[in-house]
Amino acid sequence: MVATAETKTQIDELTGTYKHGWSSDIESDFAPKGLNEEVIRFISAKKDEPQWMLDWRLKAYAMWQKMEEPDWAMISHPPIDYQDIYFYAAPKQKDGPKSLDEVDPELLRTYEKLGIPLAEQEVLAGVEGAPRIAVDAVFDSVSVATTFRKELEKAGVIFLSISEALRTYPELVRKYLGSVVPQRDNYFATLNCAVFSDGTFVYIPKGVRCPMELSTYFRINAENTGQFERTLIIADEGSYVSYLEGCTAPMRDENQLHAAVVELVALDDAEIKYSTVQNWYPGDKNGKGGIYNFVTKRGACRGKRSKISWTQVETGSAITWKYPSCILEGDHSVGEFYSVAVTNNHQQADTGTKMIHIGNHTRSKIISKGISAGQSNNTYRGLVRVMGGAEDVRNFTQCDSLLLGDRCGAHTVPYIEVKNPTAQIEHEATTSKISDDQMFYCMARGLDAEEAVAMVVNGFAKDVMKELPMEFAVEAQKLLGISLEGSVG
Amino acid sequence: MTHLLNIENLHVAIQGEEILKGLNLKIKAGEVHAIMGPNGAGKSTLASTLAGRESFEVLEGTVRYQDEDLLALDAHERAAKGIFLGFQYPTEIPGVSNLNFLRTALNAQRRQRGEAEMDGGTFMKLAREKAQNLGISIEMLKRFVNVGFSGGEKKRNEMMQMAVLNPTLAILDETDSGLDIDALKVVSDGINALRSADKAILLITHYQRLLDYVTPDHVHVLADGKIVRSGGPELAHELEEKGYQAVA
């Protein structure tokens, strides 16, 4: 819980520049710039995909061409030129690596520079007695390092890159891909369907509690490369899995598009806990550069008594457009959304969740903490929908906003649609500022201004931070402090 | 012997209004000073100014602490150099536990002084010991800083922080106000525990009550932004009997 001290050190190290702002020079194997059917065929061929997958991609592409970018979010950006983007880039490797020794050492150094938590560096280095976190490293677009596969296999857990899963378990992928986020869902999700490069596939068999936290680090690394990750997690009856996703990206001037899709499926009595720490490059102090992060994340609680819990700490990206949602189909199923979104300088975040109550006795809980500083805009946008046939539904929503300074904005846009009179819906919202009294109190005890802000902000975000797995909690606390650097004094 | 704190001709304004109007005060190590005075005299302004509240504007005058220009330092630097302000109205910090706050503060000070940070085990031992002396439960240390605390709990918590941070100059701004007799006893025990030859205490109080438990070396009467009278402990009794008007 004492991250402030470490935050100070990190801030000192930073001295005003983005820590992850460098680019490693692993050669990329590009598809030609721009998007057309040929590029999609190239991607599919590169991955040696079955015909149905290519057909699926092409179908999505045809849909996408007739769609338009959504404009309802409280964000603005110059038009994206989709013909000026590389849709596929992968590190050059003659064959797939058989072990970590065969992984490009440049990549391992990359993780080191990223300051990936020590525990996980140890895992990557194969240190004995290191905590068991399996890292499926997604570097640019292709998974190049997978650890602990054997132990997971023993438990019957499938944890693969999605390309590999398409080759090894095509029927399983085919059954669930697009079943939670339909191909036509939204502009960015449809684009992802057409061009997704790689991502993660997880299957937890019946009754299995996944023996370790599964972790994937995402990273954009090639110039002008869109990142189109695809993640699919299936928790079969009575199983449990906790999945950690964290990301950083190197500094560059041109905006980068990121349009990921994550689909979760929980069957009877299954539970999925999905945690994200998002730290993509946010752009510089003047709003130049930064990642455009248009993500579609959705989980289906298909089974009775199933549970899906989203926890996110969003500190990065120039634009965050993201609504991790739960479709509560199974009776007694539970959906949770815990979010901390920090915006500083010129960042824009429009994020929240959708809780769709279809089954009886379904429950949902939303805790959203928005922190705005600089000239940023931070919007919570959330939908709670109770279908007519859903009896005895409950939802609790709490949206708190914290403002630093007087040039930023905090907005709360809740949508509540209730079609069944037995539902109980609660919504609480607060907006506050860090007070001078709080700052002075902390400083009079020895904290400098940045530390004081980090302390108050971490306290404000505590209800969400405590939902993070331990491996992430400390790093995330530091991030909050670092992200607000320069917002006071 | 030089003075630990030397305030000369201090003028301070809050939002353009002059509150302190030429205050002089000298404090030596080992001494306990009490400043008494009516509401609005500038007692709290003096306390906050010494601790480094930014929004308070020093118009004129000098403050030297350990032979250094105190006014040139930020609040957190003053804290690291051993100045502690016991707040009249301690601020709530939701979501931050007392223990976390205190350890972060202690280590922030230690880092500034170039000392090694205190590890969790050593800190807990120290915190337990100090809490026990003040009749503070571990449960209270785990609660969020001042959130939902009663007036007495807040003041005891200030004493807890003072005990752990172990300052050289403690400025206690009406630490005795709103306390029942038991709490007053605990608070005064805390103050007396800090008394030593190399430390000094500046008590700011409205009533003579606290001074029954903590005997000051010097008593000053502050009125309209200036020290108008100074004396020994007997001055406090005189004030209590005759009122500020007559004494000042």
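Residues numbered from 1 in each chain as written. Chains lettered and ligands numbered in written order. Predicted model: local features only at pLDDT ≥ 70, side-chain atom pairs only at ≥ 80, totals over all residues. Heavy atoms only, no water.

A. Fine view of the overall build of chain B. Looking only at helices and strands, chain B has eight helices and twelve strands in total. On C-alpha atoms alone, chain B measures out to a radius of gyration of 18 Å, which is about the 18 Å that the 2.2 N^0.38 rule sets for 248 residues. Here the C-alpha coordinates of chain B stretch approximately 50 × 40 × 35 Å along the principal axes. Taking all 248 residues of chain B together, the buried fraction comes to 54%. Considering only contacts in chain B between residues 6 or more positions apart, those separated by 24 or more positions represent 68%. Surface accessibility of chain B: about 10400 Å² in total, with carbon and sulfur atoms responsible for 46%. Of note, chain B has its 27 positive side-chain charges centred 4 Å away from the centre of its 34 negative side-chain charges. (Helix = DSSP H or I, 4+ residues; strand = E, 2+ residues; numbered from the N terminus. Rg over C-alpha atoms; globule rule 2.2 N^0.38 Å. Buried < 20%, exposed > 50% of the residue type's maximum accessible area, 1.4 Å probe, protein only. Contact = heavy atoms within 4.5 Å. Areas by Shrake-Rupley, 256 points an atom, 1.4 Å probe, with all protein chains shown as cover. Lys, Arg positive; Asp, Glu negative; His and termini not counted. Charge placed at Lys NZ, Arg CZ, Asp CG, Glu CD.)

B. Region of the structure containing the packing of helix α3 (residues 98-112) of chain B against helix α4 (residues 120-133) of chain B. Residue and element names in this part refer to chain B. Where α3 meets α4, the closest approach of the two axes is 11 Å, and the angle between their N-to-C directions is 115 degrees. Relative to α4, the element α3 lies roughly perpendicular. Crossing of α3 over α4 shows right-handed handedness. Listed contacts from α4 to Leu-99, Leu-102, Arg-103 and Leu-106 of α3 are Gly-120, Phe-123, Met-124, Leu-126 and Ala-127. By residue class, the composition of the contact of α3 with α4 is seven nonpolar, one polar and one charged. (Axes fitted to C-alpha atoms, helices over the stretch in contact; angles between N-to-C directions. Parallel < 35°, antiparallel > 145°, perpendicular 65-115°, else oblique. Left-handed = near helix turned anticlockwise from the far one by under 90°. Nonpolar A, V, L, I, M, F, W, Y, C, P; charged D, E, K, R; others polar.)

C. Inspection of the pattern of salt bridges at higher detail. Applying the stated criterion to the full structure yields 34 salt bridges over all chains. We note a salt bridge from Glu451(A) to Arg111(B), for which the minimum N-O separation is 2.6 Å. Placement of Glu451(A) in helix α11 (residues 449-460) and of Arg111(B) in helix α3 is noted, with the two residues assigned to different chains. A relative accessible area of 4% means that Glu451(A) is categorised as buried. One salt bridge connects Lys26(B) with Glu8(B), and the closest N-O pair in it is separated by 3.8 Å. Taken together, the positions of Lys26(B) in strand β2 (residues 17-27) and Glu8(B) in strand β1 (residues 5-14) put the pair 18 residues apart, joining distant regions of the chain. Salt bridges here are not isolated pairs; linked through shared partners, they connect Lys369(A), Asp400(A), Asp463(A) and Lys466(A). (Salt bridge = Lys/Arg side-chain N within 4 Å of Asp/Glu carboxyl O.)

D. Quick peek at the packing of aromatic side chains. All names here are of chain A. Overall, the coordinates contain 18 aromatic pairs over all chains when judged by the stated rule. Between Phe-188 and Phe-294, the aromatic rings sit 4.0 Å apart at their centres with planes inclined by 10 degrees, giving stacked as the arrangement. Within this pair, whereas Phe-188 is found in helix α9 (residues 187-195), its partner Phe-294 is found in strand β11 (residues 291-301), the two being separated by 106 residues in sequence. Residue class for Phe-188 comes out buried when judged on its relative accessible area of 1%. Its relative accessible area of 1% is what places Phe-294 among the buried residues. On the basis of an interplanar angle of 55 degrees and a centroid distance of 5.0 Å, the ring pair of Tyr-274 and Trp-310 is categorised as tilted. Here Tyr-274, found in strand β10 (residues 271-279), pairs with Trp-310, found in strand β12 (residues 307-314); they are 36 residues apart in sequence, far enough to count as distant. Across this residue pair, the class does not change: Tyr-274 and Trp-310 are buried. (Phe/Tyr/Trp six-rings, centres within 6.5 Å; stacked < 30°, edge-to-face > 60°.)

E. Structural view of helix α3 (residues 51-65) of chain A. All names here are of chain A. The end-to-end C-alpha separation of α3 is 21 Å, in line with the 21 Å expected for 15 residues at 1.5 Å each. Listed in full, the buried residues belonging to α3 are Trp-52, Met-53, Leu-54, Trp-56, Arg-57, Leu-58, Ala-60, Tyr-61, Met-63 and Trp-64. Its buried side turned inward, α3 meets α2 (37-46), α7 (162-168), α8 (170-176), α9 and β6 (229-235). (Expected span 1.5 Å × (residues − 1).)

F. Expanded view of the sheet that holds strand β3 (residues 32-36) of chain B. Residues and elements named next belong to chain B. Here we have six strands laid out as an open sheet, ordered β6-β9-β10-β3-β11-β12, and mixed in their pairing. Of all strands in the sheet, those bounded by a partner on one side alone are β6 (83-86) and β12 (226-231). This sheet shows a mean twist of 20 degrees between the axes of neighbouring strands, independent of strand direction. Of the strand pairs in this sheet, strand β11 (residues 218-223) and β12 are connected by five bridges, and their pairing is antiparallel. (Pairing = 2+ DSSP bridges.)

G. Seen up close, the sheet that holds β1(B). All names here are of chain B. Strand order across the open sheet formed by four strands is β2-β1-β4-β5, with antiparallel pairing between neighbours. Single-partner strands in this sheet number two, and they are β2 and β5 (68-69). Here β1 runs beside strand β4 (residues 56-65); their pairing, made up of eight bridges, is antiparallel. Looking across to β4, one finds that Ala-13 is bridged to Glu-57. Where helix α1 (residues 43-51) meets the sheet, it contacts β1, β2 and β4, and its direction lies at approximately 110 degrees from that of β1.

H. Broad picture of the pairing of β4(B). Residues and elements named next belong to chain B. Two strands pair when backbone bridges link them, and β4 and β5 are joined in this way by two bridges, in the antiparallel orientation. Bridge assignment links Tyr-65 to a residue of β5, and that residue is Glu-68. Adjacent in sequence and paired antiparallel, β4 and β5 are bridged by two residues, among which Gln-66 carries a positive phi angle near 50 degrees.

I. Here's a closer look at the pairing of strand β18 (residues 377-386) of chain A. All names here are of chain A. A large share of β18 lies buried, amounting to eight of its ten residues. In terms of strand pairing, strand β16 (residues 348-357) meets β18 through ten bridges, oriented parallel. For His-357, the partnering residue across the bridge sits in β18 and is Val-386. Of the pairings in the sheet, the one linking β18 to strand β20 (residues 409-418) comprises ten bridges and is parallel in character. Among the inter-strand pairings, Thr-379 is bridged to a residue of β20, identified as His-411.

J. Spatial organisation of the side chain of Asp198(A). Residues and elements named next belong to chain A. Structurally, the position occupied by Asp-198 is in strand β4 (residues 198-204). Classification of Asp-198 as buried rests on a relative accessible area of 1%. Within the local environment of Asp-198, its side chain forms a polar contact with the backbone nitrogen of Ile-162, the two atoms lying 3.2 Å apart. (Polar contact = N/O pair within 3.5 Å; in protein donor to acceptor, adjacent residues only side chain to side chain.)

K. Representation of the interface of chain B and chain A. Residue-level contacts link 35 residues of chain B with 23 residues of chain A. Summed over both partners, the interface of chain B with chain A buries about 2300 Å², with 65% contributed by carbon and sulfur atoms. Counting across the interface, chain B meets chain A through twelve residue pairs in polar contact (both at pLDDT 80 or more). At the level of elements, α1, α2 (75-80), β6, β7 (93-97), α3, β8 (144-145) and α6 (151-165) of chain B are the ones that each hand at least two residues to the side of chain B that touches chain A. Looking at which element gives the most residues to the side of chain B that touches chain A, the answer is α3(B), with nine residues. Class assignment of the residues belonging to the side of chain B that touches chain A gives a composition of 17 nonpolar, twelve polar and six charged. (Buried area = accessible area lost by both parts, 1.4 Å probe.)

L. Looking closely at the environment of Leu257(A). Residues and elements named next belong to chain A. Of note, Leu-257 is situated in strand β8 (residues 256-258). In this structure Leu-257 comes out as buried when scored by relative accessible area, which is 4%. Considering only alpha carbons, one finds Leu-257 and Glu-164, 93 residues apart in sequence, at a separation of 24 Å.

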